[in-house]
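Structure assessment
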Amino acid sequence: MTISDAVYLAMGVGALGAAVVPRLVFRRPLSMPMVFMAAGLLVGLLPLPVPVVDPVRDRLWVEHATELCVIVSLMGAGLALNRPVGLRRWAGPWRLVGIALPLTVAAVCAVAVPLLGWPLAAALLLAAVLAPTDPVLAAEVRVGEPTDEEDDEDEVRFSLTGEAGLNDGLAFPFVLAALALASAGGGAGWIGRWVLVDVLAMTAVGTAVGAVTGRLLGLMFFRARPSALRLSEHMEGFVALGATFVAYGAAELLHGYGFLAVFVTACTIRAAERSHGYHKVLHEFTEQVERLLTVFLLFLLGGYLAASGLPDLTWQGALVAGLLVLAVRPLAGWASLWGHGAGPRERLTASFFGIRGIGSLFYLAYALGQTTRFDALAPQLWSVVAFTVLLSVLLHGAAATPVIRRLDRLRRDSAAPP
């Protein structure tokens with residue numbers, strides 16, 4: 001049997017498993033990502049002819065594979081959200097992105113410098129890479145398929161899904177800050193340009209591109225006069241990929257944040273005809289593609305962890321990962337939601353489930369491709385980030401089902417008439 005034969009076999013088993021495993025682990029303290037990452041770890045430890053992806057050596061491949069997975073998941077998240085965008089309606093996601101995200105970056109950076117002994121720029125890069133959340137890796141803590149009801153989403157699922165959609169784009173300025181700091185050699189001359197260009201201008205461009213693209217596609221999908229252009233009548237789900245790529249490509253060509261543009265596009269399409277069944281078709285297609293990509297990447301991540309990720313990990317790196325998952329994110333999330341209308345149980349749950357995932361892998365691959373200044377630390381950076389994702393997948397994946405089921409039960413009991 002050749003290596004290519006083994007790869008085809010693994011891909012086939014993985015695709016079938018992506019369809020079966022979610023049903024097997026439903027309502028159990030397990031998740032599909034846990035199963036496939038564990039499978040990758042096991043295969044990596046066995047003498048099987050399955051190639052191992054080394055993110056240091058295969059950085060470009062990892063960057064584009066994770067990039068594709070992230071933008072597809074962003075489209076799915078935006079299409080799934082039922083609430084119209086607004087300051088008060090979206091108070092939870094705004095707070096988690098505007099307060100918890102920078103607090104997490106600052107805290108991880110402050111911890112990484114003394115523990116790891118890294119330069120400030122490298123510590124900032126690690127903090128920025130680990131800042132985005134990714135509830136895709138625990139289905140219980142994200143919203144379900146699109147529905148006609150605007151207010152049928154509980155606050156925990158809505159806040160975490162909205163946060164993931166927004167911060168996968170808004171973490172980019174912190175990654176660029178780390179790159180600018182490394183290039184400046186510790187000086188402060190980069191800050192002004194960073195604020196004006198990387199924070200304000202690129203965010204504005206990404207938002208504008210997403211809004212315009214979503215508006216135009218919404219008109220075409222639901223109101224175009226030629227029936228051939230009114231795609232909602234044909235119920236073809238792969239159109240979601242077209243919308244994803246158009247928004248992402250246009251924003252990147254105009255030097256904006258493509259991740260943000262994709263999420264805004266999805267939310268704008270959703271708002272164009274909120275109760276139309278076509279949203280469910282688009283969402284289901286993106287969810288299936290996203291699931292396949294996630295299974296594939298997590299299996300490879302497990303193989304990398306077995307081959308070199310865990311052997312390269314130091315106890316200091318493991319401690320940083322543990323502090324982020326168990327202390328930094330929960331405390332930053334709780335602080336950001338202080339005074340929010342949700343109850344204390346909802347605030348605690350939303351704060352705890354700050355899941356790290358595919359977005360962190362993309363940001364690190366991207367950053368290491370922009371400069372050679374972090375090359376000496378690349379193996380350590382990858383080991384810490386990969387271990388953080390592993391820890392998050394295991395801990396949050398095991399806790400999601402029992403915690404969310406209990407929260408749902410308490411919510412139903414409190415709403416029931418006496």
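Right, let's talk about the overall build of the chain for a bit. Of regular secondary structure, the chain possesses 15 helices and zero strands. A globule of 418 residues ought to have a C-alpha radius of gyration of about 22 Å, and the chain, at 21 Å, matches this closely. Considering only contacts within the chain whose residues lie at least 6 apart along the sequence, 82% involve residues at least 24 apart. Summed over its atoms, the accessible surface of the chain is roughly 17,700 Å², and 67% of this surface lies on carbon and sulfur atoms. If the 30 positive side-chain charges of the chain are averaged to one point and the 31 negative ones to another, these points end up 6 Å apart.

Bringing unusual backbone geometry into the picture now. Trans peptide bonds make up the majority, and among non-glycine residues the majority have a negative phi. Positive phi values are uncommon outside glycine, yet His 255 reaches one of about 60°. Tracing the backbone shows His 255 in the loop between α9 (239-253) and α10 (258-272).

The next point concerns the environment of Leu 68. Along the chain, Leu 68 turns up in helix α3 (residues 59-80). Placed 294 residues apart in sequence, Leu 68 and Phe 362 show a C-alpha to C-alpha distance of 9.4 Å. Leaving out residues up to four positions away in the same chain, Leu 68 has contacts with Phe 245 and Leu 293.

On to the side chain of Glu 346. Inspection of the secondary structure puts Glu 346 in helix α13 (residues 344-352). In contact with Glu 346, not counting residues within four places along its chain, are Val 156, Leu 407 and Arg 411.

Viewed as axis vectors pointing N to C, α3 and α9 meet at an angle of 110°, and their least axial separation amounts to 10 Å. One finds that α3 runs roughly perpendicular with respect to α9. Classified by chirality, the crossing of α9 by α3 is right-handed. In this structure, α3 uses Glu 67, Leu 68, Ile 71, Val 72 and Met 75 to contact α9, whose residues at the interface are Ala 240, Leu 241, Ala 243, Thr 244, Phe 245 and Tyr 248. Here the residues of the contact of α3 with α9 sort into nine nonpolar, one polar and one charged.

As a further point, take a nonpolar patch on the surface. A contiguous nonpolar surface patch, about 460 Å² in accessible area, is contributed by Tyr 8, Met 11, Trp 61 and Phe 296. Note that Phe 296 resides in helix α11 (residues 278-312). For Phe 296, a relative accessible area of 34% translates into the label partly exposed.

Attention shifts here to the nonpolar core. Judged by nonpolar contacts, the single largest core of 110 residues is most densely connected at Leu 125, Leu 126, Phe 221, Leu 301, Phe 374 and Leu 381. In contact with Leu 381, not counting residues within four places along its chain, are Trp 118, Ala 122, Leu 125, Leu 126, Leu 364, Leu 368 and Phe 374.

This part covers the packing of helix α4 (residues 91-116) against helix α12 (residues 315-336). Interaxial distance between α4 and α12 falls to 9 Å at its minimum, and their mutual angle equals 150°. It follows that α4 is roughly antiparallel to α12 by the angle criterion. Here the hand of the crossing between α4 and α12 comes out right-handed. Side by side, α4 and α12 meet where Arg 95, Leu 96, Ile 99, Ala 100, Leu 103, Thr 104, Ala 107, Val 108, Val 111, Ala 112, Leu 115 and Leu 116 of the first sit next to Gln 316, Gly 317, Leu 319, Val 320, Leu 323, Leu 324, Val 328, Arg 329, Ala 332, Gly 333, Ala 335 and Ser 336 of the second. Counted by class, the contact of α4 with α12 contains 17 nonpolar, five polar and two charged residues.

One pass over the structure, following the stated rule, counts eight salt bridges. With its nearest N and O atoms 2.5 Å apart, the salt bridge here joins Arg 59 to Glu 63. Taken as a pair, Arg 59 and Glu 63 lie in helix α3 at a separation of four residues, close to a single helical turn. Side by side, Arg 59 and Glu 63 carry an identical accessibility label, which is buried. For Arg 193, the salt bridge is made with Asp 198, and the minimal N-O distance between the two is 3.9 Å.

Across the chain, the average pLDDT comes to 87, with 92% of residues at 70 or higher. Within the chain, the element-level pLDDT minimum falls on helix α1 (residues 3-24), averaging 70, and the maximum on helix α5 (residues 120-129), averaging 96.

Moving on, we come to a positive patch on the surface. Where like charges cluster on the molecular surface, the positive patch consists of Arg 345, Arg 405, Arg 406, Arg 409 and Arg 412. The element best represented in the positive patch is helix α15 (residues 378-415), accounting for four residues. The residue Arg 405 is located in helix α15 in this model. Relative accessible area serves as the criterion here: at 36%, Arg 405 is assigned to the partly exposed category.

This part is about the packing of aromatic side chains. Scanning the model with the defined rule gives 20 aromatic pairs in all. Geometrically, the ring pair formed by Phe 352 and Phe 353 is edge-to-face, given 5.0 Å between the ring centres and 80° between the ring planes. In this structure, Arg 347 packs its charged tip against the face of Trp 334, placed 4.9 Å from the ring centre. Its end group placed over the ring of Trp 338, Arg 347 keeps NZ or CZ at 6.0 Å from the ring centre.

Locating Thr 244 in the fold gives a position in helix α9. We classify Thr 244 as buried; its relative accessible area is 0%. A sequence separation of 23 residues divides Thr 244 from Cys 267, and the C-alpha atoms of the two residues are 12 Å apart. Apart from the residues lying within four places of it in its own chain, the contact partners of Thr 244 are Ile 71, Val 72, Met 75 and Val 262.

Rules of the game
Residues numbered from 1 in each chain as written. Predicted model: local features only at pLDDT ≥ 70, side-chain atom pairs only at ≥ 80, totals over all residues. Heavy atoms only, no water. Helix = DSSP H or I, 4+ residues; strand = E, 2+ residues; numbered from the N terminus. Rg over C-alpha atoms; globule rule 2.2 N^0.38 Å. Contact = heavy atoms within 4.5 Å. Areas by Shrake-Rupley, 256 points an atom, 1.4 Å probe, with all protein chains shown as cover. Lys, Arg positive; Asp, Glu negative; His and termini not counted. Charge placed at Lys NZ, Arg CZ, Asp CG, Glu CD. Axes fitted to C-alpha atoms, helices over the stretch in contact; angles between N-to-C directions. Parallel < 35°, antiparallel > 145°, perpendicular 65-115°, else oblique. Left-handed = near helix turned anticlockwise from the far one by under 90°. Nonpolar A, V, L, I, M, F, W, Y, C, P; charged D, E, K, R; others polar. Patch = residues over 30% accessible without salt bridge, like charges linked within 9 Å, V, L, I, M, F, W, Y side chains within 5 Å. Salt bridge = Lys/Arg side-chain N within 4 Å of Asp/Glu carboxyl O. Buried < 20%, exposed > 50% of the residue type's maximum accessible area, 1.4 Å probe, protein only. Core = buried A, V, L, I, M, F, W, Y, C linked by side-chain atoms within 4.5 Å. pLDDT = per-residue confidence, 0-100. Phe/Tyr/Trp six-rings, centres within 6.5 Å; stacked < 30°, edge-to-face > 60°. Lys NZ or Arg CZ within 6 Å of the ring centre and 35° of its normal.

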